[in-house]
Amino acid sequence: MKPVDALKHRFSSAKAIDEIVFRDGKWEVHATFSSRSDRCPSCNSLVSRHGWSQSRFIDTPLDGKIVHLFIKRPRFICRSCSKTLTPVVPGVVESPRVTERLVSHVRFLLWTATSLRNLASSVGALPKTISELLKRIAEEARETTSTPTELGIHVLTLHENRHLVLSNLSVGTVVDFLPSVDEQIELLIQRLIAFNKDKATQVVSVPADQEIVNVATSHCSVARIELSLSAIHTLIAGVVSKLGAQESRRGRSGSVSRGEVERLSYLRKSELSDKDVECLSDGIQEGNSFWKLFDAKELLMSRWEMAECSAWVDLFRIWLLGLPSSYQPAFHGLLLLLSKAEQLQVTLSLEPTLPFIDRNISSLKELLLKPGRSFSPEMLVALVLASPFMTVRLERKVSIKGAGRMWLEESWDIGDQRPPSSAGISLENLVNLLSSVWNPHTPDTDRK
Ligand SMILES: [Zn+2]
């Protein structure tokens, strides 16, 4: 089909297409939307014609060429209350000015987009327009989720920006995403107030962050506030990694290199490979300082896992006193944080779904940090909140074994086809979808 015919077909429901022109590398479709005068929505008086207005709406590109739709429509004025109005055109969104088709298209493009600028220029819009559109998409998705009785607050740090992911702990879904912006804490407070108005939140799991602990304790009066064990583990692991690196520099950590120290510090004993477990037991026997520290961390974590919630900070104090005195100052900041949490009657969370959610968040982080992608805050919010509802059509090249350098174009649909659920979006689905889109050459999908 010729492009002009394709565009005529696309806008076949429009009553009057005035002209379709190709100008400066873009398609322009000019149409007139006539409508009879109506009654004023404010005072119900009859309105009268008051000139014409023309608005530009951005539509989905056609064969890679940008399409702009110009709609001319009458303006009306109410003589009684001086209000002016323009008729509503079906199929378009007024703010930002885009077609409904473009809204779906942007959700689709979000999967493969690399930056806001690139996403905007591919459809012939200003970045500001797309950013507004993404906020709208996120807001619509946000409205479909209901209040979790067990709320998780998690930190997702990207390029030193702290984003907050709010989850429904009982089902492992995302209920909100608060990007790193100036008013982030204000947004968090608003959400907590809204959640507690709707149906009081019973449990709130908070990250090891003083500001968030304070916000949660003062805005969720009914809830039990819990610090996530895995979040505290990350903090302790950070100190262990720093101390381990110092030891390694001084040549006191035996066979463990600095790179290994960094990798191993964040693992629990159950996550070590067989070879690492062997190194651990040899290291302890030989008095290797890094492995001794690793073992001490594991001891604390297993004590906490079995702990009575009330005495959990005491357990930490006792553990700290058992460490070599040269290590103790490094844990001082953490001790301060935990002591404050104790004063606020924050308990330790042993919620079984937490490590699972945290693991998905760190997989999401890894994906988002892949080189070549720079997601704006609006893109992140829309991606996390809304895009798993959309189907993605992907095209890729598949090599055929034994056929030399032959490539086959293949396209397939992926997506979570279920309707939006009031429990929110499964974080695991999002991570799986993103990794299949961004790493298309995984072994299990390659042709044999
Ligand atoms: Zn009126």
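Report follows, based on the coordinates. (Residues numbered from 1 in each chain as written. Predicted model: local features only at pLDDT ≥ 70, side-chain atom pairs only at ≥ 80, totals over all residues.)

1. Some thoughts on the overall build of the protein
The helix and strand inventory of the protein stands at 15 helices and 16 strands. Relative to its full complement of 448 residues, the protein shows a buried share of 31%. Contacts in the protein between residues far apart in sequence, at least 24 positions, make up 62% of those at least 6 positions apart. (Helix = DSSP H or I, 4+ residues; strand = E, 2+ residues; numbered from the N terminus. Buried ≥ 20, exposed ≤ 12 C-beta atoms within 10 Å, placed from the backbone. Contact = placed C-beta atoms within 7 Å.)

2. Focus on the packing of helix α7 (residues 229-249) against helix α10 (residues 289-305)
In contact at an axis separation of 10 Å, α7 and α10 are set at 165° when each is read in the N-to-C sense. As far as their axial angle goes, α10 and α7 are roughly antiparallel. Relative to α10, α7 is oriented so that their crossing is right-handed. Counting all contacts with α7, which are made through Leu229, His233, Ile236, Ala237, Val240, Leu243, Gly244 and Glu247, the residues of α10 involved are Ser289, Phe290, Leu293, Phe294, Lys297, Met301 and Trp304. In terms of residue class, the contact of α7 with α10 is made up of 10 nonpolar, 3 polar and 2 charged. (Axes fitted to C-alpha atoms, helices over the stretch in contact; angles between N-to-C directions. Parallel < 35°, antiparallel > 145°, perpendicular 65-115°, else oblique. Left-handed = near helix turned anticlockwise from the far one by under 90°. Nonpolar A, V, L, I, M, F, W, Y, C, P; charged D, E, K, R; others polar.)

3. Describing the packing of helix α3 (residues 116-123) against helix α4 (residues 127-144)
Two elements in contact, α3 and α4, have axes whose closest approach is 8 Å; the angle formed by their N-to-C orientations is 100°. Overall, the two elements α3 and α4 adopt an arrangement that is roughly perpendicular. On α4, the residues that touch Leu116, Arg117, Leu119 and Ala120 of α3 are Pro127, Thr129, Ile130 and Ser131. Grouping the amino acids of the contact of α3 with α4 by side-chain chemistry returns 5 nonpolar, 2 polar and 1 charged.

4. Observations regarding the pairing of strand β1 (residues 16-23)
Burial runs low along β1: only 0 of the 8 residues are buried. Alignment of β1 against strand β2 (residues 26-32), held across 7 bridges, turns out to be antiparallel. Residue pairing for β2: alanine 16 is matched across the bridge by threonine 32. Between the end of β1 and the start of β2, which pair antiparallel, lie 2 residues, with aspartate 24 showing a positive phi angle near 50°. (Pairing = 2+ DSSP bridges.)

5. Points about the environment of valine 213
Within the secondary structure layout, valine 213 lies in helix α6 (residues 210-219). Of the residues examined, valine 213 has 21 C-beta atoms within 10 Å and is grouped as buried. In this structure valine 213 touches Val206, Ala341, Leu344 and Val346, once residues within four positions along its chain are discounted.

6. Examining the pairing of β2
Summarising the sheet, β2 and strand β4 (residues 65-78) pair through 7 bridges and their orientation is parallel. Directly across from glutamate 28, in β4, lies its bridge partner histidine 68.

7. A short note on α10
Given 3.6 residues per helical turn, the α-helix brings residues three or four places apart onto the same face. With 17 residues, α10 extends 24 Å from end C-alpha to end C-alpha; this agrees with the ideal 24 Å at 1.5 Å per step. Every buried residue belonging to α10 is among Ser289, Phe290, Trp291, Leu293, Phe294, Lys297 and Leu300, and all of these are buried. The elements touched by buried residues of α10 are α7, α8 (258-265), α9 (274-285) and α11 (312-321). (Expected span 1.5 Å × (residues − 1).)

8. With respect to α7
Compared with the 30 Å implied by 1.5 Å per residue over 21 residues, the 30 Å span of α7 between its first and last C-alpha is a close match. Considered for burial, the residues of α7 that qualify are Leu229, Ser230, Ile232, His233, Ile236, Ala237, Val240, Leu243, Gly244, Glu247 and Ser248. On an axial view of α7, the arc spanned by its buried residues comes to 140°, and they lie on one face. The inward-facing, buried residues of α7 contact β12 (224-228), α8, α10, α12 (332-343), β13 (347-349) and α13 (354-368). (Arc of directions from axis to C-beta.)

9. Section: the environment of aspartate 38
With respect to the secondary-structure elements, aspartate 38 resides in the loop between β2 and β3 (47-62). Looking at aspartate 38, the number of C-beta atoms within 10 Å reads 12, which means it is exposed. Each C-alpha atom, one on aspartate 38 and one on serine 48, is 8.0 Å from the other, the two residues being 10 residues apart in sequence.

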